[in-house]
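This is what each chain is made of:
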Amino acid sequence: QSVLTQPPSVSGAPGQRVTISCTGSSSNIGAGYDVQWYQQLPGTAPKLLIYHNNNRPSGVPDRFSGSKSGTSASLAITGLQSEDEADYYCQSYDSSLSGWVFGGGTKLTVL
Amino acid sequence: QVQLQQSGPGLVKPSQTLSLTCAISGDSVSSNSVAWNWIRQSPSRGLEWLGRTYYRSKWYNDYAVSVKSRITINPDTSKNQFSLQLNSVTPEDTAVYYCARMGGVWYFDLWGRGTLVTVSS
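Because the structure is a prediction, the values reported are computed rather than measured.

### Overview of the side chain of Q40 of chain A
Right, on to step 1. The topology assignment puts Q40 of chain A in strand β3 (residues 36–40).
Right, on to step 2. At 2.9 Å, the side chain of Q40 of chain A forms a polar contact with the backbone oxygen of T44 of chain A.
Right, on to step 3. Beyond its immediate chain neighbours, meaning those up to four positions away, Q40 of chain A contacts A45, P46, A86, D87 and Y89 of chain A together with Q41 and Y98 of chain B.

### Considering the side chain of R52 of chain B
Right, on to step 1. With respect to the secondary-structure elements, R52 of chain B resides in strand β5 (residues 46–55).
Right, on to step 2. R52 of chain B sits in the buried class, given a relative accessible area of 11%.
Right, on to step 3. Here the side chain of R52 of chain B touches D62 of chain B through a polar contact of 2.7 Å, side chain to side chain.
Right, on to step 4. Contact partners of R52 of chain B, with chain neighbours within four places excluded, come to W100 of chain A together with A35, W36, N37, Y60, N61, D62, I73, M102 and W106 of chain B.

### A few points about the nonpolar core
Right, on to step 1. Ranked by internal contacts, the top residues of the largest apolar core, which has 44 residues, are L18, W38, F82, L84, Y97, F108 and W111 of chain B.
Right, on to step 2. Ranked by residue count, the leading element in this core is strand β9 (residues 95–102) of chain B, at six residues.
Right, on to step 3. Setting aside anything within four residues of it in sequence, one finds Y97 of chain B in contact with Q6, L18, L20, I39, R40, L50, L84, L86, G114, T115 and V117 of chain B.
Right, on to step 4. Of all hydrophobic cores here, the second largest spans 22 residues; its members include C22, L49, C90 and L108 of chain A.

### Here we look at the packing of aromatic side chains
Right, on to step 1. One pass over the structure, following the stated rule, counts 16 aromatic pairs over all chains.
Right, on to step 2. Seen in terms of ring centroids, Y93 of chain A and W106 of chain B are 4.6 Å apart; in terms of plane orientation they differ by 35°. Their pairing is tilted. Here the residue Y93 of chain A occupies a position in strand β7 (residues 86–94), and W106 of chain B occupies one in the loop between β9 and β10 (108–111), the pair thus bridging two chains.
Right, on to step 3. Taking the centre distance of 5.3 Å and the plane angle of 15° together, the rings of Y54 of chain B and Y60 of chain B count as stacked.
Right, on to step 4. A relative accessible area of 32% means that Y60 of chain B is categorised as partly exposed.

### Overview of the pattern of salt bridges
Right, on to step 1. Applying the stated criterion to the full structure yields nine salt bridges over all chains.
Right, on to step 2. One network of salt bridges, with partners in common, ties together R40, R45, E48, R70, E92 and D93 of chain B.

### A few points about the state of the cysteines
Residues and elements named next belong to chain A.
Right, on to step 1. If you walk through the whole model with that rule in mind, you get two disulfides over all chains.
Right, on to step 2. A sulfur-sulfur distance of 2.1 Å marks the disulfide that ties C22 to C90. In this structure, the disulfide formed by C22 and C90 twists by about 75° around the S-S bond and is classed as right-handed. Taken together, the positions of C22 in strand β2 (residues 18–23) and C90 in strand β7 put the pair 68 residues apart, joining distant regions of the chain.
Right, on to step 3. Residue classification places C22 among the buried residues on the basis of a relative accessible area of 0%.

### Considerations on the sheet that holds strand β7 (residues 71–76) of chain B
All names here are of chain B.
Right, on to step 1. Pairing in this open sheet of four strands is antiparallel, and the strands run β1-β3-β8-β7 from one edge to the other. Looking at strand neighbours, the two that pair on one side only are β1 (3–7) and β7, the edges of this open sheet. The sheet shows a mean angle of 20° between the axes of neighbouring strands, taken without regard to direction.
Right, on to step 2. With six bridges joining them, β7 and strand β8 (residues 81–86) adopt antiparallel strand pairing.

### Observations concerning the sheet that holds β2 of chain A
All names here are of chain A.
Right, on to step 1. Taking strand neighbours across the sheet as the criterion, the three strands line up as β2-β6-β5 in an open arrangement whose pairing is antiparallel. Each end of this open sheet is capped by a strand with a single partner; those strands are β2 and β5 (64–69). The mean angle between the axes of side-by-side strands here comes to 20°, regardless of whether they run parallel or antiparallel.
Right, on to step 2. Looking at chain direction, β2 and strand β6 (residues 72–77) are connected through six bridges and run antiparallel. Note that in β6 the partner of T19 across the bridge is A76.

Each value, and the rule that gives it
Numbering of residues starts from 1 in every chain and runs along the sequence as written. To read the labels, note that chains go from A and ligands from 1, taken in the order they are written. Residue-level local features of this predicted model are given only where pLDDT is at least 70; pairs of side-chain atoms are given and counted only at 80 or more, and the full residue set underlies all totals for whole chains, interfaces and linings. Processing note: side-chain calculations cover all non-hydrogen atoms of the structure and skip hydrogens and water entirely. Helix numbers and strand numbers start at the N terminus; a helix is a DSSP run of H or I with at least 4 residues, a strand a run of E with at least 2. Under the rule applied, a polar contact is a pair of N or O atoms within 3.5 Å (in protein, one hydrogen donor and one hydrogen acceptor; residues adjacent in sequence only if both atoms are side-chain atoms). Only heavy atoms enter the contact rule, under which two residues are in contact if any of them lie within 4.5 Å. A simple rule labels every residue: compare its accessible area, found with a 1.4 Å probe on the protein chains alone, to the largest value its type can have, and call it buried under 20%, exposed over 50%, or partly exposed in between. Only buried Ala, Val, Leu, Ile, Met, Phe, Trp, Tyr and Cys residues count toward a nonpolar core, and they belong to the same one when joined by side-chain atoms within 4.5 Å. Between rings of Phe, Tyr and Trp, where Trp is taken as its six-membered ring, a pair exists when centres lie within 6.5 Å; planes separated by under 30 degrees are stacked, by over 60 edge-to-face, and by other angles tilted. Just to be clear on terms, a salt bridge is a Lys or Arg side-chain nitrogen sitting within 4 Å of an Asp or Glu carboxyl oxygen. Defined by distance alone, a disulfide is two cysteine sulfur atoms within 2.5 Å. Pairing between strands is defined by DSSP: at least two bridges between the two strands are required. Between the N-to-C directions of two axes lies an angle of 0 to 180 degrees, each axis being a line fitted to C-alpha atoms and, for a helix, fitted only over the stretch in contact.

Below is the structure:
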């Protein structure tokens, strides 16, 4: 049972827009701690996709965007492409655990 | 270009100690602006942060509550690397272990390739 809750799977057709939610609590996202998003392609390490809620590292396409409100955050992907098929994880800090926590991951399928 | 190169055994017997090393190129383990972490991933536990070491005029460590009694993360400045030791392992510790850099305020911007460690007799 992960501290941050994500849907197990989402899907969309090429060119469409999908969103992935990440629900936390008052000890992590709701406490004001930033949310990060990672993309994990099969057989590889996670890669930072969004940091500090809505910032993209250099090289990440602007098709990826993040938002945060209250105890939740969301990752939006527009103009879906086949190479976006991957697992996506949210991450934040939890003050009750005094450590960094991840969501359970969401598998994105491009139909 | 910063890279993290992991090394260590892929098989550990129950009750023994899991030991992994992460060699850093293109950055310094003694940098006062980053932290060096170990994170593991398993089907049952998902992604789990284990701990970190960092230098801010002196060395500090933080460990996850779940492994605090069994874990040690040490920097090695002579080799520019850091290590993970996890004692008294059980099959529940079977996972892919990643080293990762915390390059900003609390996000992991660089990851090693991962090492699958199986705990089995």
